[in-house]
Amino acid sequence: MGIPEGQLKIVFFDGCYTGRLKFTGSWDLVEGPGDDQGQMNPWPNDMSEALGIFYTDQIYKGWYGASFAFNFLTYYITWSNNFWDRLRLNDSIYEAISYCIWNTPGVSLRYGPHKNYRLKGFGDIYNIRLQQ
Amino acid sequence: MSGKFNLIMLLVLVAGCQSPEVVNDHKYVQTTNKELVFQVVTLQHKAEQLSAQANWFRVHLEKCLTELEKEKGLEPMEFDWLKAEGYPKCFIRDPNIPKRNIVEPQPFYAPYHSPKVQEIEAEAYQDTARLSVSVGLTNTAITMNMALADRYIEHFEQRLKRLEGHLKE
């Protein structure tokens, strides 16, 4: 089971609270609690595990909290566009996120997509790139 | 003439005695950020380099172990990635988690500052936030690599033990 190595590189659930979904021991998919509690749990908030993303060339990305995409709060759309654009230009995940951090408006010390994104899995984000 | 000259000299001296150091907040912020950016970038490069070295080591260790196993007539041990036993069976909400309180965005009233101060503060604020998150990203990458390394160490230890056992026989 799981997603085979070398095929799918990134699973990005671009929706609210996708960064804290998890499986319970009885294989129910639930929204996990906050970061500290969520990670200390025997079944941590980790959708990569739930989806069977275990390889070094795969990664799961989601939003920990709400990801607004309406009215003037369109930073999340800009972030996502930047992210895919940079991957298209052969950036690694690490480089693409770095680009998003420095080139997406709406940055503040407490809120914004840069504080909200979460990466899960065992992927080596320095080396995961989309195949050209 | 002499009195005028003295007056001019006095003015020059007074002007000279005034501190030439003009506090330029904007310049200060820029310099500080440049130093911080340099530190963060250095840290990032170091982490990337370590990751590349660890990968190189892993690949070569894998090759060596496979060769040894083949030489000793053992089936090379595959790295068992898959721990999951199945896909999601249902999508339900955990009843133990209280319902989210979604707060609608409120109108924001900024306190008054002169445009220059506002610009400097906004720039410094955003740069600090971005630097902080950049460090966080590097930290995430390192943590993930450490978790990966742990799993590989466990895997290599198993293979070495098996080889050791085989050699003792």
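Residues numbered from 1 in each chain as written. Chains lettered and ligands numbered in written order. Predicted model: local features only at pLDDT ≥ 70, side-chain atom pairs only at ≥ 80, totals over all residues. Heavy atoms only, no water.

### Re the overall build of chain A
Put simply, the test is: Runs of E in the DSSP output that reach at least two residues are strands. Runs of H or I that reach at least four are helices, and both are numbered from the N terminus. Remark: exposure states derive from per-residue accessible area (1.4 Å probe, protein chains only) relative to the maximum for the residue type, with buried under 20%, exposed over 50%, and partly exposed in between. Only heavy atoms matter for contacts: two residues are in contact if any of them lie within 4.5 Å across the pair. Where accessible areas are quoted, they stem from the Shrake-Rupley method and a 1.4 Å probe; at the residue level, only the protein chains shown are allowed to cover.
Along its length, chain A carries 5 helices and 5 strands. In sequence order, the secondary structure elements of chain A are arranged as β-β-β-α-α-β-α-α-α-β. Buried residues in chain A amount to 58% of all 132 residues. Counting contacts in chain A only where the partners sit at least 6 residues apart, residues at least 24 apart contribute 68% of the total. Only carbon and sulfur atoms are counted for the fraction: they give 54% of the accessible area of chain A, which is about 5,800 Å².

### Remarks on the sheet that holds strand S1 (residues 10-13) of chain A
Residues and elements named next belong to chain A. Just so we agree on the cut-off: In this analysis, strands are considered paired if DSSP registers two or more bridges between them. Lines fitted to C-alpha atoms define the axes here, with helix axes fitted over just the stretch in contact, and angles between the N-to-C directions of these axes take values from 0 to 180 degrees.
Across the sheet, which stays open at both edges, the 3 strands sit in the order S1-S4-S5 with mixed pairing between neighbours. At either end of the open sheet lies a strand with only one pairing partner, and these are S1 and strand S5 (117-120). Neighbour-to-neighbour, the strand axes of the sheet open up by a mean angle of 20°, direction not taken into account. Pairing between S1 and strand S4 (residues 59-63): 4 bridges, direction parallel. Note on S4: the bridge partner recorded for Phe 13 is Gly 62.

### Examining the pattern of salt bridges
To keep things clear, this is the line we draw: Each reported salt bridge corresponds to a side-chain nitrogen of Lys or Arg within 4 Å of a carboxyl oxygen of Asp or Glu.
Applying the stated criterion to the full structure yields 8 salt bridges over all chains. A salt bridge links A:Arg86 to A:Asp91; its shortest N-O distance comes to 2.9 Å. The exposure class assigned to A:Arg86 is partly exposed, which follows from its relative accessible area of 22%. Residue B:Arg162 pairs with B:Glu69 through a salt bridge whose shortest N-O separation is 3.2 Å. A residue pair is termed long-range when its members are at least 10 positions apart, and B:Arg162 in helix H3 (residues 115-168) and B:Glu69 in helix H2 (residues 25-71) qualify at 93 residues. Taking the relative accessible area as the measure of exposure, B:Arg162 reaches 27% and is therefore partly exposed. Note on B:Glu69: relative accessible area 0%, which makes it buried. Here the salt bridges share partners, and the residues they tie into one network are B:Glu62, B:Glu69, B:Arg159 and B:Arg162.

### Section: the environment of B:Arg159
All names here are of chain B. Our working rule: Two N or O atoms count as a polar contact when they lie within 3.5 Å, although within protein this holds only if one can serve as hydrogen donor and the other as acceptor, and sequence-adjacent residues are included solely when both atoms are side-chain atoms.
Among the structural elements, Arg 159 can be located in helix H3. On a C-alpha basis, the gap between Arg 159 and Phe 79 in space is 9.8 Å, while along the polypeptide they are 80 residues apart. Within polar-contact distance, the side chain of Arg 159 engages the side chain of Glu 69 at 2.8 Å. Within polar-contact distance, the side chain of Arg 159 engages the backbone oxygen of Met 77 at 3.4 Å.

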